[in-house]
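Structural features, examined
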2 protein chains.
Amino acid sequence: MVFARLTPLADATAWIDREVAGSLEAECLSLSKAPGRVLARDVVAERDSPPFDRAATDGYALLAGSTLGASAYNPVTFRFDRNATGTFPSAAPIALGSALPPDADAVVPRQLVELDAVGNSFEIIEPVAVGTNVERVGAGFCEGTRLLRSGVRLGPNEMGLLAESGIELVEVVRRPHVRLVVTSSDVAPLGSGVPRGAAFDVDAPMLTALIERDGGTVEIRRPGRESWTAIRKAVAVQSAEIVIVIGGSGLGANDLVVLEALRKCTPGDQGLAIHGIAFRPGSSAGIGRIAGMPFFLLPGSPVSCLWAYEMLAGRAVRRLSGRAPGLPYLQYEFATARKIVSDIGFVEIRPVRLTSMAGVVEPISGAPPEGTGGLFATVAEADGFVVIPEGSEGIRPGTRASVYLYDDQRASPSRF
Amino acid sequence: MVFARLTPLADATAWIDREVAGSLEAECLSLSKAPGRVLARDVVAERDSPPFDRAATDGYALLAGSTLGASAYNPVTFRFDRNATGTFPSAAPIALGSALPPDADAVVPRQLVELDAVGNSFEIIEPVAVGTNVERVGAGFCEGTRLLRSGVRLGPNEMGLLAESGIELVEVVRRPHVRLVVTSSDVAPLGSGVPRGAAFDVDAPMLTALIERDGGTVEIRRPGRESWTAIRKAVAVQSAEIVIVIGGSGLGANDLVVLEALRKCTPGDQGLAIHGIAFRPGSSAGIGRIAGMPFFLLPGSPVSCLWAYEMLAGRAVRRLSGRAPGLPYLQYEFATARKIVSDIGFVEIRPVRLTSMAGVVEPISGAPPEGTGGLFATVAEADGFVVIPEGSEGIRPGTRASVYLYDDQRASPSRF
């Protein structure tokens with residue numbers, strides 16, 4: 001396929017950022033359903049935490065004022081019997097985390113105190129300051145404190161903080177619904193037996209996992225490659241936030257039916273706004289708008305499909321679901337053991353593997369820049385990838401490069 | 001609480017690695033259910049990919065041998081009409097990815113060929129090598145190739161590779177089932193209204209999310225703190241791979257009932273093998289074995305509970321589910337803006353935040369080393385944490401330290 005002119009990747013990215021400007025609206029979920037979701041609004045505390053003064057250790061709660069003047073020569077005796085009358089001030093055994101009695105303002109640790117023979121009283125031989133071993137009401141946070149910012153993804157720690165604040169319902173960004181329209185004529189879905197003259201469909205299972213990783217939900221339609229109206233019908237149903245059309249992105253004779261299906265028909269259409277983008281693998285990808293929905297036309301070849309998703313469609317899914325729009329991989333600096341070549345004019349994605357030398361990566365030889373081949377080199381052989389900007393001829397050996405890693409633990413296992 | 005002797009964290013870790021030696025057995029799942037799971041065995045290709053020679057570009061398939069001797073002075077004409085007799089060799093239009101006809105071994109790209117007026121033939125003016133623009137059978141991988149290693153977690157790329165190989169069922173490590181036994185007497189579960197004299201239960205929702213992050217499933221029991229037999233009954237049911245007992249880890253008066261419940265009763269018991277471990281927050285944690293199951297006794301204070309899970313119980317869950325056993329956080333090197341203090345003899349976990357200076361972190365002031373307080377400092381204020389080994393007095397300002405980060409994108413947003 002040959003495009004007369006390829007659009008710079010940055011222009012395609014700018015189109016996506018403009019047309020898919022913000023995240024979807026909020027939905028209200030109970031806390032137990034919220035892990036992994038993105039907050040649609042700031043969360044503000046509705047009460048103090050802790051909700052009362054509480055003991056910060058196991059021990060005995062008492063009124064600090066009663067210990068004034070206590071010394072080895074002038075011990076002050078505290079009794080547990082609250083109803084006793086007389087000159088003895090009272091104390092009460094208390095467990096770490098329990099609310100202080102109303103007449104106490106300090107806690108003496110259990111191990112610093114020796115009880116009398118009956119276990120009913122003890123002596124204090126030095127003054128205790130007000131608030132000793134007391135965690136004051138609101139020490140964690142006060143009513144009105146902003147606990148979490150809009151845009152935060154709810155992990156285990158956030159679940160704990162929300163529970164601490166007694167919040168039962170949270171407003172999170174709704175998950176974008178993505179429709180996959182598989183037009184590839186030479187693939188068969190898994191489970192249909194070994195196809196004759198066709199390969200198994202790689203793109204739909206791969207994209208499903210990618211979209212779910214990015215916070216979206218997926219439906220799959222398979223209109224085939226026979227009729228443009230069948231493809232158009234599968235694309236234009238207005239029940240998705242994003243449509244991804246797979247296959248038919250080239251300019252070959254059997255791609256024309258797909259391009260025909262995506263042309264401007266109704267006022268809500270823009271058709272293919274951009275077709276042919278200067279990155280590899282995946283340069284035949286296109287983006288546009290049909291029936292009011294942004295759509296992405298991705299190449300059917302699995303490796304090209306993968307990268308066209310990551311660079312284009314995934315960005316839109318991540319934006320709608322409230323995630324960071326960039327590539328969702330860890331980046332580390334590595335030195336490169338060998339030259340990684342790249343053509344000027346293309347952003348190029350090249351798989352790399354870690355070498356036996358710490359902090360050094362090397363390109364995977366034979367991984368084609370515009371692969372029609374399978375995913376083996378990318379998946380089974382690579383530890384990550386580099387993205388080489390369009391103005392660069394590649395990365396010289398020994399140069400440091402930012403590597404997107406598939407697995408953090410392989411690069412730097414935790415000592416703890 | 002005061003322990004006569006604290007066990008070094010490394011000894012506790014060694015106990016876990018010995019008692020929870022390997023991952024659980026395999027279970028067989030259909031591919032669509034497998035994302036996020038860990039492979040229990042190597043996956044070996046059962047067929048070649050691609051399954052046939054296929055076109056690597058849109059163009060015309062032909063027999064390379066027929067182009068021998070072709071030149072501008074001696075063009076060779078190819079005709080599409082397969083049934084025509086005569087001296088003309090035949091060619092066939094072919095789309096990228098389609099199987100080559102049996103009598104073809106090369107593909108000439110569409111854009112390099114000019115068809116005759118009727119569109120039925122074209123001329124070739126230089127020889128074409130065998131295999132030009134052909135992706136050979138098995139170019140991706142061959143039958144018998146190891147596609148993925150045991151222990152790999154199935155992400156989107158792996159889903160694509162498995163689909164390409166036509167694999168419909170995969171053997172993955174079974175998810176460990178974890179029972180949470182909440183004994184805290186001064187907390188109430190969410191949804192029970194604002195409790196009087198009690199706080200909301202933070203630990204169960206937080207641990208549920210942590211365990212699910214680490215690949216486990218969760219059930220929750222709340223026997224309270226009244227009777228050791230009730231606690232024992234909740235602990236000893238043999239339907240979990242791991243039991244986590246929350247609260248009662250200290251040596252206070254109201255902790256004794258929990259310790260009583262965990263003592264050695266039956267031949268399958270070891271009781272508390274280790275109690276009191278030299279790390280903070282969370283030093284009152286314990287580990288042991290009851291009714292044949294490893295159990296973890298975690299402090300009820302949320303911050304201590306969090307870290308005791310991460311350092312101890314989480315390690316066991318991650319081992320059983322086939323994950324890397326270490327802390328599942330990204331690690332980056334940062335400089336520290338201020339001294340981070342730590343006591344010798346304790347592994348200490350200290351929250352840090354990124355400063356406005358790139359590559360520099362600072363400790364969060366006021367975060368107590370053994371927090372009874374809430375999660376606010378850890379969750380809302382921290383970008384990550386450092387773990388200071390037991391032999392260190394802390395990290396000097398300007399020193400580089402390995403920081404475990406909560407969010408990769410905050411530290412190094414992707415350019416693409």
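Counting starts from 1 at the beginning of each chain's written sequence and moves along it residue by residue. In the order they appear in the text, chains get letters beginning with A and ligands get numbers beginning with 1. At least 70 in pLDDT is required for a residue's local features to be given in this predicted model, at least 80 for side-chain atom pairs to be given and counted, and no such filter applies to totals for whole chains, interfaces and linings, which use all residues. Excluded from the side-chain calculations are hydrogens and water; all other atoms, namely the structure's heavy atoms, are used.

A word on the pairing of strand S27 (residues 400-405) of chain B
Residues and elements named next belong to chain B. At least two DSSP bridges between two strands are required for those strands to pair. Comment: elements are numbered from the N terminus, with helices defined as DSSP H or I runs of at least four residues and strands as E runs of at least two. As defined by bridge partners, strand S21 (residues 330-336) adjoins S27 across 6 bridges and the pair is classed as antiparallel. Counted as the bridge partner of Glu 333 is Ser 402 from S27. Bridge count for strand S25 (residues 384-388) against S27 is 2 bridges, and the pairing is antiparallel. Bridged to Gly 384 within S27 is Leu 405.

Re the relation of the copies chain A and chain B
Once chain A is rotated about the relating axis by 180 degrees and shifted along it by 0.0 Å, it coincides with chain B to within an RMSD of 0.0 Å. Accordingly, the operation relating the two chain copies is best matched by a two-fold axis. We place the copies in one frame by least squares, fitting the C-alpha atoms of every residue whose pLDDT is at least 70 in both.

As for the interface of chain A and chain B
For this analysis, residues touch if any pair of their heavy atoms sits within 4.5 Å. Taken together, the contact pairs 86 residues of chain A with 85 residues of chain B. The largest contributions to the chain A side of the interface with chain B come from Asn 157, Phe 376 and Phe 416 of chain A, which together make up 12% of the buried area. Salt bridges are identified by distance alone: a Lys or Arg side-chain nitrogen within 4 Å of an Asp or Glu carboxyl oxygen. At the surface where chain A touches chain B, the tally comes to 0 salt bridges. Under the rule applied, a polar contact is a pair of N or O atoms within 3.5 Å (in protein, one hydrogen donor and one hydrogen acceptor; residues adjacent in sequence only if both atoms are side-chain atoms). Connecting chain A to chain B are 14 residue pairs in polar contact (both at pLDDT 80 or more). Listing elements by their share of the side of chain A that touches chain B, those giving two or more residues are strand S10 (146-148), helix H2 (156-164), strand S14 (199-200), helix H3 (203-213), helix H6 (302-320), strand S21 (330-336), helix H7 (376-379) and helix H8 (408-411) of chain A. For the side of chain A that touches chain B, the leading source of residues is H2 of chain A, giving 8 residues. Think of it as three bins: nonpolar holds Ala, Val, Leu, Ile, Met, Phe, Trp, Tyr, Cys and Pro, charged holds Asp, Glu, Lys and Arg, and polar takes everything else, Gly as well. Residue classes in the side of chain A that touches chain B are distributed as 47 nonpolar, 23 polar and 16 charged. Buried surface area refers to the total accessible area, computed with a probe of radius 1.4 Å, that the two partners give up upon joining, counted for both partners together.

Points about the sheet that holds strand S6 (residues 92-94) of chain A
Residues and elements named next belong to chain A. Taken in spatial order, the 3 strands make up an open sheet running S6-S4-S7, and their pairing is antiparallel. Each end of this open sheet is capped by a strand with a single partner; those strands are S6 and strand S7 (106-109). Strand after strand, the sheet turns through a mean of 40 degrees between neighbouring axes, direction not considered. Where strand S4 (residues 59-62) meets S6, 3 bridges bridge the pair, whose relative direction is antiparallel. Among the inter-strand pairings, Tyr 60 is bridged to a residue of S6, identified as Pro 93. Axis lines are fitted through C-alpha atoms, for helices just across the contact stretch, and the angle between N-to-C directions can take any value from 0 to 180 degrees.

Examining the environment of Met 159 of chain B
Structurally, Met 159 of chain B is set in helix H2 (residues 156-164). When a residue's accessible area, from a 1.4 Å probe over protein chains only, is under 20% of the maximum for its type it is buried; when over 50% it is exposed; and in between it is partly exposed. Exposure remark for Met 159 of chain B: the relative accessible area of 2% places this residue in the buried category. Sequence separation between Met 159 of chain B and Ala 34 of chain B is 125 residues; the distance between their C-alpha atoms is 8.2 Å. In this structure, Met 159 of chain B is in contact with Pro 205 and Ala 209 of chain A together with Leu 31, Pro 35 and Leu 154 of chain B, ignoring residues within four places of it in sequence.

A few points about unusual backbone geometry
Pro 50 of chain A follows Ser 49 of chain A through a cis peptide bond whose omega is -5 degrees. By the element assignment, Pro 50 of chain A lies in the loop between strand S2 (43-44) and strand S3 (54-55). For Asn 133 of chain A, which is not glycine, the phi torsion reads 55 degrees and is therefore positive. Along the polypeptide, Asn 133 of chain A turns up in the loop between strand S8 (121-124) and strand S9 (134-135). Here the phi dihedral of Ala 291 of chain B falls at roughly 50 degrees; this positive angle occurs in a residue that is not glycine. Relative to the assigned elements, Ala 291 of chain B resides in the loop between strand S19 (286-290) and strand S20 (293-298).

Here's the deal with the confidence of the model for chain A
Scored from 0 to 100, pLDDT records how confident the predictor is in each individual residue. Of all residues in chain A, 95% attain a pLDDT of 70 or more, and the chain-wide mean is 90. Overall fold confidence for the complex sits at a pTM of 0.92, while the interface term, ipTM, reaches 0.90.

Examining the pattern of salt bridges
If you walk through the whole model with that rule in mind, you get 52 salt bridges over all chains. Note that Asp 214 of chain A is salt-bridged to Arg 213 of chain A, the shortest N-O span being 3.0 Å. For Asp 214 of chain B, the salt bridge is made with Arg 318 of chain B, and the minimal N-O distance between the two is 3.1 Å. Separated by 104 residues along the polypeptide, Asp 214 of chain B in the loop between helix H3 (203-213) and strand S15 (217-221) and Arg 318 of chain B in helix H6 (residues 302-320) bring together distant segments of the chain.

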